[in-house]
Amino acid sequence: MKAINLKAEHMNNPIGIDKTAPFLSWTCEDGLHQNAYQIIATVKGENIWDSGKVETDAMHCSFGGRVVSRDLVEWKVQLWDEVGQEGSWSEAAWFELGISDASQWQAEWINPELTRVIEENYDCSDAINKLAKAAWEGGKKKEPYAPHQPASYLRKHFNAPVGEKKRLYITCHGIYKAWLNGKLVGDFVLGPGCGTYNKRLSYQTYDVTDLVYEGENELLVALGDGWYRSCTGVDGDRNLFGTEISLLCQLMVDDKVVCVSDESWEASQKGPIRQNDMQQGEVYDARLEEITDWHPVKLEQVGYETLTGTNTVPIVENEAFVGHIITTPNGEKVIDFGQNLAGYVEFKVKAQAGQRIYLMHGEALDENGNFTNENFQDRKRHKEGGVHQQIEYLCREGDNHYKASFTIMGFQYVKIETEVELDSAEFIAHAVYSKMEELGSFSCSNESVNQLVKNSIWSQKGNFCDIPTDCPTRERAGWTGDAGVFVDAGLYLMDCYPVFDKWLGDCRHMQYADGKLANIAPINGHPSFFTKMLCSSVGWGDASILVPYALYKRYGNLRILQDNYEMMKRWYTFLEKRAAKVKLKERFQRNPYKKYTVTSGMDYGEWCEPGVDMRQAMSNPKKSVGTAYLVYSGRLLSEIAEILGHEADSKHFEEVSELAKKAYHLSFTENGRINSERQCEYVRALKFGLLSVEESKVAASDLNKLVIKNNYHLNTGFLSTPFLCEMLVNYGYVDTATKLLLQDTAPSWLYEVKRGANTIWETWDGINEEGKVSASLNHYSYG
């Protein structure tokens, strides 16, 4: 018997974490049953922790040794089986702390932009700025247009001694790529990742032992806008965290600092990346790859207070898809990569100097078979005039090789416009997402169902880029509601615990003083009255309870509940106060539980419910959704409080939940009978336990009849779709659930499969029967 798959903080041999008591886990070789374990940990060959023999079948624990900044800890596990037979020791695993002692930072924040390009001295004729400026002018803005900036390049020559442990610690305001002596550092792309930068900024730690030479070395860093100041989000806002990009880095050999960011560095904006934006794309001039124009940098007074280690998996390039050029009916050249994904394109072409290549990215072909990206445009909302997802490339003479650096796009099809001869050209699409292991596989006799599962996995891959987002095209937003409904499926499909864990930290940072949860975390646009009002939405804010509890139940890591407990309590307390705000017309009703009936405030409702438009969903006159979540979340929070040993809290939440259940029964049923044509009302009541045993049987029967009456089509939205088939099966209606699952006309899961989908759509009719494309085609929520 032997322990395998050893992980620290749910990662294989992580480097640069700052958890001094990381969560350790393992599995048993050959599926044997563990009865006890022992862990021994060492630093530089010296024992720092011996757990002793611990009798338990739990294959995890918290590290119990004492560690300090930059320690590299090796650990191994021995197991005993159910009859007490001693197994062999595991192979050694390790984890390494980053710079957890702020006093060890000697680097300074440096800004490479002494001045910035402004409209008066820039013609804004490149692909990104041309469209963005036109949109700006169309909006009749009084202030001058602020162009997207070229990427900056920074370099430093330094001397390094001989050493065994060489580490580069690096982060930025913006987004970076680093090279040591001409070789790319690490496989983390889009660093330092997404986050609430004004509250928490992660730095990355790289093992550069093989890249740093004894003697003279060169460190080169390219710095772009990234999530920090790009146009990224629901409203198309820019500069969400600031206007000044800057770099912080420190290279150490053993315990000696040999290179830091400081005033001795030099910088240039005359490199090949002429414009860059996370959402809009890049402009690249290959004729400028040899940089000769360098100038000084300036210091920024930022500090180290917000710095944190990288406690999550890196964003990396994963699958690669070779593109095939097709000609559409209107004569366009379009590259089909065969899979809707989030990532970027790499290409190789032979060209003449000055020739241009335009790449425009989209998810689908329209009803006539031509390229389109209209399905993810919302020009009223996006201040940059839509989501361009463009690459403009200016060729050098001869061989050209390009791969995007500072942008990520959602696409399957790429329209290409160029005078370059493409017969020998090579195009590859790289899927870019957080490094998550697929946990299992699924197959059955129905190939459409098999494809549906694959679609769910690909929508997870397309939207788990450091945080869980709704879509990789128009919004790229960490919507709480989407995460709340998908978390259980996501945990089955892929090992995504670190992604959710990091994102929950952003949710905590985005919570308002009164307990409201921002519907999107981290910040995705400038705050407005409307977004603040909707921060009270049930089903969305309840993700603060649903997601941590799902993670705990799957992995047993108590810290996920401890870290998020105050956020959960504050959210639920807000819901209680919201329920207590009884409307004037209800104050004199004979309802003893009216103070536990949620009738005030604004909600998104069921959302994306077939046959119900957005305004109807948000103005549900009965407000049954809010009261239902007051019951359900209260029950879950009571269980969580009990697990954490907060007995008084547990009792309180249980009491509120029971009173809200009575309020629901009195306000939204007719003596226990639901009266609705919408399947969601029955699904929610059954899943949330809002009815008695006998009433539930009646509700399940009514739900079954509704599905049959709807010719085995669903009419549920985001919040209840995950439980629809489950509730039918739980009450014996297996045949109905099966016919519902196998339905292939809209609205249904398999309709989109029949239409050729390889990801999950935002709406049930993302491509209608006539072939018209609408909304996002890569949205994991219904998966």
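Basis of the calculations
- Residues numbered from 1 in each chain as written.
- Predicted model: local features only at pLDDT ≥ 70, side-chain atom pairs only at ≥ 80, totals over all residues.
- Heavy atoms only, no water.
- Helix = DSSP H or I, 4+ residues; strand = E, 2+ residues; numbered from the N terminus.
- Rg over C-alpha atoms; globule rule 2.2 N^0.38 Å.
- Buried < 20%, exposed > 50% of the residue type's maximum accessible area, 1.4 Å probe, protein only.
- Contact = heavy atoms within 4.5 Å.
- Areas by Shrake-Rupley, 256 points an atom, 1.4 Å probe, with all protein chains shown as cover.
- Lys, Arg positive; Asp, Glu negative; His and termini not counted.
- Charge placed at Lys NZ, Arg CZ, Asp CG, Glu CD.
- Phe/Tyr/Trp six-rings, centres within 6.5 Å; stacked < 30°, edge-to-face > 60°.
- Lys NZ or Arg CZ within 6 Å of the ring centre and 35° of its normal.
- Core = buried A, V, L, I, M, F, W, Y, C linked by side-chain atoms within 4.5 Å.
- Pairing = 2+ DSSP bridges.
- Axes fitted to C-alpha atoms, helices over the stretch in contact; angles between N-to-C directions.
- Parallel < 35°, antiparallel > 145°, perpendicular 65-115°, else oblique.
- Left-handed = near helix turned anticlockwise from the far one by under 90°.
- Nonpolar A, V, L, I, M, F, W, Y, C, P; charged D, E, K, R; others polar.
- Salt bridge = Lys/Arg side-chain N within 4 Å of Asp/Glu carboxyl O.
- Expected span 1.5 Å × (residues − 1).
- Polar contact = N/O pair within 3.5 Å; in protein donor to acceptor, adjacent residues only side chain to side chain.

(A) Representation of the overall build of the protein chain within the structure. For the protein chain, the helix and strand inventory stands at 16 helices and 38 strands. Taken over C-alpha atoms, the radius of gyration comes to 28 Å for the protein chain, in line with the 28 Å a tight globule of 783 residues would show. Dimensions along the principal axes, computed over C-alpha positions, put the protein chain at roughly 80 × 70 × 55 Å. Considering the protein chain as a whole, with its 783 residues, one finds that 59% of them fall into the buried category. Once local pairs closer than 6 in sequence are excluded, the contacts in the protein chain between residues at least 24 apart make up 75%. A total of about 31,600 Å² of accessible surface is found on the protein chain, and carbon and sulfur atoms cover 48% of it. Distance between charge centres in the protein chain, computed from 82 positive and 109 negative side chains, equals 7 Å.

(B) Spatial organisation of the packing of aromatic side chains. Using the criterion set out here, one finds 36 aromatic pairs in the structure. Connected via pairs of aromatic rings, a cluster forms that spans Tyr284, Phe347, Tyr393, Tyr402 and Phe427. The cationic tip of Lys461 hangs over the ring face of Trp458; the distance from NZ or CZ to the ring centre is 4.5 Å. One Lys or Arg, Arg554, reaches over the ring of Tyr492 and ends 4.0 Å from the middle of that ring.

(C) Looking closely at the nonpolar core. Membership of the largest hydrophobic core comes to 214 residues, with the highest contact counts inside it found for Trp26, Trp75, Leu219, Leu247, Leu251 and Trp265. With seven residues, the next largest nonpolar core counts Tyr751, Trp761, Ile767 and Leu777 among its residues.

(D) Structural context of the pairing of strand 10 (residues 93-97). The buried fraction of strand 10 is high, at four of five residues. Direction of pairing for strand 2 (residues 15-17) relative to strand 10: parallel, over a ladder of two bridges. Counted as the bridge partner of Ile15 is Glu96 from strand 10. Here strand 8 (residues 72-81) runs beside strand 10; their pairing, made up of four bridges, is antiparallel. Bridge pairing in strand 10 places Glu74 opposite Trp94.

(E) Molecular detail of the sheet that holds strand 3 (residues 23-28). Ordered in space as 1-3-7, the three strands form an open sheet in which the pairing is antiparallel. Each edge of the open sheet carries a strand with a single partner, namely strand 1 (3-8) and strand 7 (60-62). The sheet shows a mean angle of 15° between the axes of neighbouring strands, direction not considered. Across four bridges, the pairing between strand 1 and strand 3 is antiparallel. Across the sheet, residue Ala3 finds its bridge partner in strand 3, namely Cys28.

(F) Molecular detail of the packing of helix 7 (residues 543-555) against helix 10 (residues 624-643). Contact geometry of helix 7 with helix 10 gives a least axis separation of 10 Å together with a crossing angle of 45°. As summarised for this structure, helix 7 and helix 10 are arranged oblique, according to the angle between their axes. Here helix 7 runs over helix 10; the crossing is left-handed. Each of Ile545, Leu546, Tyr549 and Tyr552 in helix 7 lies in contact with helix 10, whose residues at this interface are Tyr629, Tyr632, Ser633, Leu636, Leu637, Glu639, Ile640 and Ile643. For the contact of helix 7 with helix 10, the class distribution of residues is ten nonpolar, one polar and one charged.

(G) Representation of the pattern of salt bridges within the structure. Considering all chains together, one arrives at 37 salt bridges under this definition. The closest approach of N and O atoms between Arg229 and Asp225, which form a salt bridge, is 2.7 Å. Residue Arg229 is classed as buried on the basis of its relative accessible area, which comes to 3%.

(H) Inspection of helix 3 (residues 447-463) at higher detail. Given a rise of 1.5 Å per residue, 17 residues ought to cover 24 Å, and the 24 Å separating the end C-alpha atoms of helix 3 matches this to within 8%. Buried residues dominate helix 3, accounting for twelve of its 17 residues. Those residues of helix 3 that fall on the buried side of the exposure criterion are Val449, Asn450, Leu452, Asn455, Ser456, Ile457, Trp458, Ser459, Gln460, Lys461, Gly462 and Asn463. A side-chain oxygen of the first residue of helix 3 lies 2.9 Å from the backbone nitrogen of Ser448; this N-cap is Asn446.

(I) View of the sheet that holds strand 21 (residues 266-268). Here we have six strands laid out as an open sheet, ordered 15-14-18-12-21-24, and antiparallel in their pairing. Edge positions in the sheet fall to strand 15 (183-184) and strand 24 (295-296), since each has one partner strand and no second. Of the strand pairs in this sheet, strand 21 and strand 24 are connected by two bridges, and their pairing is antiparallel. Within strand 24, the position partnered with Ala267 by the bridge is His295.

Geometric values such as these leave the question of function open.
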